[in-house]
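Structural overview for review
Residue-level listing of the chains:
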Amino acid sequence: MSLLLAVVAMALALVMTLSLYRVIAGPSVFDRLTGLGLIGSKTIVLLMVVGELDERVDLYVDIALSYALI
């Protein structure tokens with residue numbers, strides 16, 4: 001199970017990197033904003049996956065909720 005979660009975390013990190021490219025090289029402001037939104041939502045999911053890997057989901061849920069409110 002932890003191997004699957006580690007692969008999911010790596011895939012999320014890769015998708016976030018690709019979204020960062022869209023933020024930097026986006027041809028329009030709307031592309032840049034979409035990339036930032038994707039990075040924000042993927043960060044919340046990545047926090048949940050890391051919390052499951054660390055077996056401290058309760059702590060990471062609080063962090064993810066705080067990040068989502070910002």
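Above: the structure in question.
The residue numbers shown here count from 1 along each chain, following its written sequence. Per-residue local features of the predicted model are confined to residues with pLDDT of at least 70, and side-chain atom pairs are confined, for both listing and counting, to 80 or more; whole-chain, interface and lining totals are unaffected and use all residues. To obtain the side-chain values, all non-hydrogen atoms of the structure were used and water was disregarded.

**Observations regarding the overall build of the chain**
Just so we agree on the cut-off: Secondary structure elements are taken from DSSP: a helix is a run of H or I of four residues or more, a strand is a run of E of two residues or more, and numbering for both begins at the N terminus. The buried label goes to any residue with under 20% of its type's maximum accessible area, the exposed label to any with over 50%, and the partly exposed label to all in between, with areas taken from a 1.4 Å probe on protein chains only. Only heavy atoms enter the contact rule, under which two residues are in contact if any of them lie within 4.5 Å. All accessible-area figures derive from a Shrake-Rupley calculation using a 1.4 Å probe, and residue coverage is judged against the displayed protein chains alone. Only four residue types enter the charge count, namely Lys and Arg as positive and Asp and Glu as negative; His and the chain termini do not. A charged residue contributes its charge at one atom only: NZ of Lys, CZ of Arg, CG of Asp or CD of Glu.
For the chain, the count of helices and strands is 3 helices and 0 strands. Traced from its N-terminal end to its C-terminal end, the chain shows the element sequence α-α-α. Referenced to the eigenvectors of the C-alpha coordinate spread, the extents of the chain come out at roughly 40 × 25 × 10 Å. When burial is assessed residue by residue, the chain has 24% of its 70 residues classed as buried. Considering only intrachain contacts with a sequence separation of at least 6, the fraction spanning at least 24 residues in the chain is 43%. With an accessible surface of roughly 5,100 Å², the chain has 73% of that area assigned to carbon and sulfur atoms. Each charge class in the chain was averaged separately, 4 positive and 6 negative side chains, and the resulting centres sit 16 Å apart.

**A few points about the pattern of salt bridges**
Defined as follows: Basic side-chain nitrogens of Lys or Arg form a salt bridge, by our definition, when they fall within 4 Å of a carboxyl oxygen of Asp or Glu.
In total, this model carries 1 salt bridge according to the counting rule given. Close ionic contact of D58 with R56 constitutes a salt bridge, the shortest N to O distance being 3.8 Å. The exposure class of R56 is partly exposed, given its relative accessible area of 41%.

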